[in-house]
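Each chain, letter by letter, is given below.
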Amino acid sequence: MVEAGVDMTMFAAVAVFYLALTALLAYYGYRKTLANEDFMVAGRRINPVVLALSYGATFLSTAAIVGFGGVSGNLGMGTIWLLALNILFGLIVAFLVFGKRTRRMGKRLNALTFPDFLGRSFNSPFIQMFAAVVILIGMPLYCAAVLLGGVNFIVASLGIDRDFALLTLAIIVTLYVAYGGIIAVMYNDALQGGIMFLGMILLLVVTYYTLGGVVEANSALTAMADDPGVSAGLADAGMRGWTTFPEFGSALWWTFVTTFLLGVGIGAMAQPQLAVRYMTAESGRSLNRALMVGGIFILVVVGTAYTVGPLSNVYFYNEYGQTAIQYVGGDTDMIIPVFVNEIFGGHTLGELFIVLFLLTLLAAAMSTISSLLHTMGASAGYDIWRHIRANRSGMHSPAEVLYGKDRELVTSMRASRIGTMVMIVITVAVAYSMPGSIIARATAVFMGLTASAFLPAYTHVIFSKSPNAQGAKWSIVVGTVAWMLWGLFVHGTNANQIGLRDALFGDGKLLPAVTWPGLPWMNIDPLVIALPLSAAVMAAFIIRDRRPGRP
């Protein structure tokens, strides 16, 4: 086993250079942030390449590299299907269908956040407030998972104290988000995205070189289905090997399809932090230009993570006679960090490679954390605080204050900056309480929640000439509540890790062994239940209000 730790002088030199660039971009963002529109949506004039790299780096962070890379290391290359969905729904459909309409409507409505976009589109302060609350409840879990992805690699590479790494990373990101706004966030995202792109290419090349080539490495991974064979637990759940998809209808198949493929694949279309990126574009043509850059970026970064993860099994089995998950002690979140240290440690320039890849993981973590913090801070300081002040204003309708000509009276960058700092404290507290093997699942949880809550109403409003506010309101509420109930009390893994079900019912099961009609309900993600209910409610109100005789 390669010992953790690299030359600290080398790491310090690279880190100082990187942080200096980050500080310069933060200062650039600070100087360019003169008004709320600058802080929230970069003045709606961001460069297409910066937009593409920022979108990609925000979308694909340590959650993809460490979290889902680790899941693929344990469960195999079936996650490649998630790459296809990431490109199809998370990029092509998101940019061409949702992105252009969101940019156009956001500019016309002068919307500055995703909840603000929904609230203005439906002329509903309730929708804006409720959407912001959903973000503040669900996003800290996702942000904490991304933070842990970066911290795990720092600890594995440098051998430094976990608490010190966690707090230092959180403080650095918070400072440039709070003062530089989204301009600093997006330019840093572009820098970090470029580093991620080069780092993942390096990882893919070194992995295949170490394992003897593409054909040899993939053939060896396929052969592992027989020697040493899939562990009894995973075989019983439906796993057949590291280069095949789980057995159709098995418990693992349902987890793979409903949680990872659908939860993250579809959930990407209703991500608040990604929707804001559309509103920063100067024109629809900018989105077209960003699409190609974003596609190449996602293909390289995600494709590498989902390929290298499974291939790590070949390395660990050849070197130590163990599969990846066995070697790291059962924590999928440690597979990629440990593998990188192992595989680079065997080369002449290994320490330099480790430092460069550590920079890649730090860039991945910081890009997404900064965007999530900006989104949470804006939701707290802009959407919720403005709502509270509107209700205190003494005016007859809060909507007049929120969406009228006097909206600047209740707008404050200072409130958003304070909100950012409050939310990082909450995020760090959540990170301390999270168990192992949580990064990929936490990502799927948040994306599934936002899709269930927002996707039907969001889809309706960008296509409808007369948005149905009542239907949107109930759709968002029903989608949120249904997801929460199923996720907290029925879905096995989520309910076990959160613990609320056990605290209330004690026996550890709410729906024991219920499989009618042949479905393992405890393995089915809440998205599969909540999203259709949310869509059905939205459709029911639209149909009701189109009936003859309705006012």
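Residues numbered from 1 in each chain as written. Predicted model: local features only at pLDDT ≥ 70, side-chain atom pairs only at ≥ 80, totals over all residues. Heavy atoms only, no water.

A.B. asks: How should I be thinking about the overall build of the chain in this particular structure?
C.D. replies: For the chain, the count of helices and strands is 24 helices and 0 strands. In the chain, which comprises 551 residues, the proportion classed as buried is 60%. Taking contacts inside the chain between residues at least 6 apart in sequence as the whole, the part at least 24 apart equals 82%. Surface accessibility of the chain: about 20800 Å² in total, with carbon and sulfur atoms responsible for 65%. (Helix = DSSP H or I, 4+ residues; strand = E, 2+ residues; numbered from the N terminus. Buried < 20%, exposed > 50% of the residue type's maximum accessible area, 1.4 Å probe, protein only. Contact = heavy atoms within 4.5 Å. Areas by Shrake-Rupley, 256 points an atom, 1.4 Å probe, with all protein chains shown as cover.)

A.B. asks: Got a minute to help me understand the pattern of salt bridges in this structure?
C.D. replies: Any two side chains of opposite charge can pair if their charged atoms end up close together. Applying the stated criterion to the full structure yields 2 salt bridges. In this structure, D116 and R120 form a salt bridge, with 3.0 Å as the shortest nitrogen-oxygen distance. Here the residue D116 and the residue R120 both occupy positions in helix α6 (residues 114–122), the gap between them amounting to 4 residues, near one helical turn. Taking the relative accessible area as the measure of exposure, R120 reaches 9% and is therefore buried. Where D545 meets R544, a salt bridge forms, and the shortest distance between an N and an O atom there is 2.8 Å. Judged by relative accessible area, which is 30%, R544 ranks as partly exposed. (Salt bridge = Lys/Arg side-chain N within 4 Å of Asp/Glu carboxyl O.)

A.B. asks: Would you mind showing me how to read helix α12 (residues 251–265) here?
C.D. replies: Each turn of an α-helix holds 3.6 residues, which means side chains three or four residues apart point in the same direction. Compared with an ideal rise of 1.5 Å per residue, which puts 15 residues at 21 Å, α12 spans 19 Å between its outermost C-alpha atoms and is within 8% of the ideal. Burial of α12 is extensive: 13 of the 15 residues sit out of reach of the surface. (Expected span 1.5 Å × (residues − 1).)

A.B. asks: Please clarify how a nonpolar patch on the surface should be interpreted in this entry.
C.D. replies: Where nonpolar side chains cluster on the molecular surface, the patch consists of L167, I171, L175 and Y432 and spans about 380 Å² of accessible area. Sorting elements by how many residues they give to the nonpolar patch places helix α8 (residues 162–210) first, with 3 residues. For L175, a relative accessible area of 48% puts it in the partly exposed group. (Patch = residues over 30% accessible without salt bridge, like charges linked within 9 Å, V, L, I, M, F, W, Y side chains within 5 Å.)

A.B. asks: Looking at this model, I keep getting lost on the nonpolar core. Mind explaining?
C.D. replies: Side chains that are nonpolar tend, in soluble globular proteins, to be buried together. Judged by nonpolar contacts, the single largest core of 162 residues is most densely connected at F117, L169, Y278, F344, I369 and F454. With 17 residues, the single largest contributor to this core is helix α7 (residues 125–158). Once you skip the residues sitting within four places of it in the chain, Y278 turns out to touch Y55, A94, F95, F98, G99, T102, R103, L287 and Y458. (Core = buried A, V, L, I, M, F, W, Y, C linked by side-chain atoms within 4.5 Å.)

A.B. asks: Any chance you could explain the side chain of T375 here in plain terms?
C.D. replies: With respect to the secondary-structure elements, T375 resides in helix α17 (residues 350–392). Taking the relative accessible area as the measure of exposure, T375 reaches 8% and is therefore buried. In this structure, T375 is in contact with I135, M139, P272 and Q273, ignoring residues within four places of it in sequence.

A.B. asks: Would you explain unusual backbone geometry in this entry?
C.D. replies: Trans is the common state for peptide bonds, and a negative phi is the common state for residues other than glycine. Cis peptide bonds are those with omega within 30 degrees of zero, and the linkage from D227 to P228 qualifies with 15 degrees. In this fold, P228 is placed in helix α10 (residues 225–229). In this model, N110 sits at a positive phi of 60 degrees, which is unusual for a non-glycine residue. As for its position among the elements, N110 is in the loop between α5 (80–109) and α6. The backbone phi angle of N123 is positive, close to 50 degrees, even though this residue is not glycine.

A.B. asks: Is there a simple way to think about the confidence of the model for the chain in this case?
C.D. replies: Atom-level detail of predicted coordinates should not be read off regions where pLDDT is low. Overall, the prediction assigns the chain a mean pLDDT of 80, with 82% of residues at 70 or greater. Mean pLDDT values for the elements of the chain range from 52 in helix α18 (residues 398–403) up to 95 in helix α9 (residues 214–223). For the stretch residues 405–410, pLDDT sits under 50, and the model shows 14 contacts to residues farther than four places along the chain or on other chains. (pLDDT = per-residue confidence, 0-100.)

A.B. asks: Is there a simple way to explain the environment of E342 in this structure?
C.D. replies: Its location among the elements puts E342 in helix α16 (residues 335–345). Its relative accessible area of 2% is what places E342 among the buried residues. Between the C-alpha atom of E342 and that of F316, which follows or precedes it by 26 residues, the distance is 9.1 Å. Looking at E342, its side chain comes within polar contact range of the side chain of Y315, at 3.2 Å. (Polar contact = N/O pair within 3.5 Å; in protein donor to acceptor, adjacent residues only side chain to side chain.)

A.B. asks: Please explain the packing of α5 against α6 as it appears in this structure.
C.D. replies: How two helices pack is summed up by the angle between their axes together with the distance between the axes. Two elements in contact, α5 and α6, have axes separated by 10 Å at closest approach and are oriented at 70 degrees. It follows that α5 is roughly perpendicular to α6 by the angle criterion. Contacts between α5 and α6 pair T102, M105, G106 and L109 from the former with F117, R120 and S121 from the latter. In terms of residue class, the contact of α5 with α6 is built from 3 nonpolar, 3 polar and 1 charged. (Axes fitted to C-alpha atoms, helices over the stretch in contact; angles between N-to-C directions. Parallel < 35°, antiparallel > 145°, perpendicular 65-115°, else oblique. Nonpolar A, V, L, I, M, F, W, Y, C, P; charged D, E, K, R; others polar.)

A.B. asks: I tried to follow helix α21 (residues 469–489) on my own but got confused; where do I start?
C.D. replies: Taking 1.5 Å per residue as the helical rise, α21 with its 21 residues ought to reach 30 Å, and the 30 Å between its terminal C-alpha atoms agrees with that figure. Regarding α21, its N-cap is N468, as a side-chain oxygen of that residue lies 3.4 Å from the backbone nitrogen of Q470 further along.

A.B. asks: I keep staring at the environment of K107 and nothing clicks. Help me out?
C.D. replies: Along the polypeptide, K107 turns up in helix α5. K107 sits 173 residues away from T280 along the chain, and the two C-alpha atoms are 9.2 Å apart.

A.B. asks: For this particular structure, what's the right way to read the packing of aromatic side chains?
C.D. replies: Any aromatic ring pair is given by two values, namely how distant the centres are and how the planes are angled relative to each other. Inspection of the entire model under this criterion finds 18 aromatic pairs. When the centroid spacing of 4.7 Å and the interplanar angle of 65 degrees are considered together, the rings of F248 and W253 count as edge-to-face. Between F256 and F260, the ring centres sit 6.0 Å apart and the planes meet at 90 degrees, which makes this aromatic pair edge-to-face. Here the residue F256 and the residue F260 both occupy positions in helix α12, the gap between them amounting to 4 residues, near one helical turn. Residue F256 shares its accessibility class with F260, and that shared class is buried. In textbook terms, an aromatic cluster arises when at least three aromatic residues are bridged by ring pairs, as seen for F68, F245, F256, F260 and Y306. (Phe/Tyr/Trp six-rings, centres within 6.5 Å; stacked < 30°, edge-to-face > 60°.)

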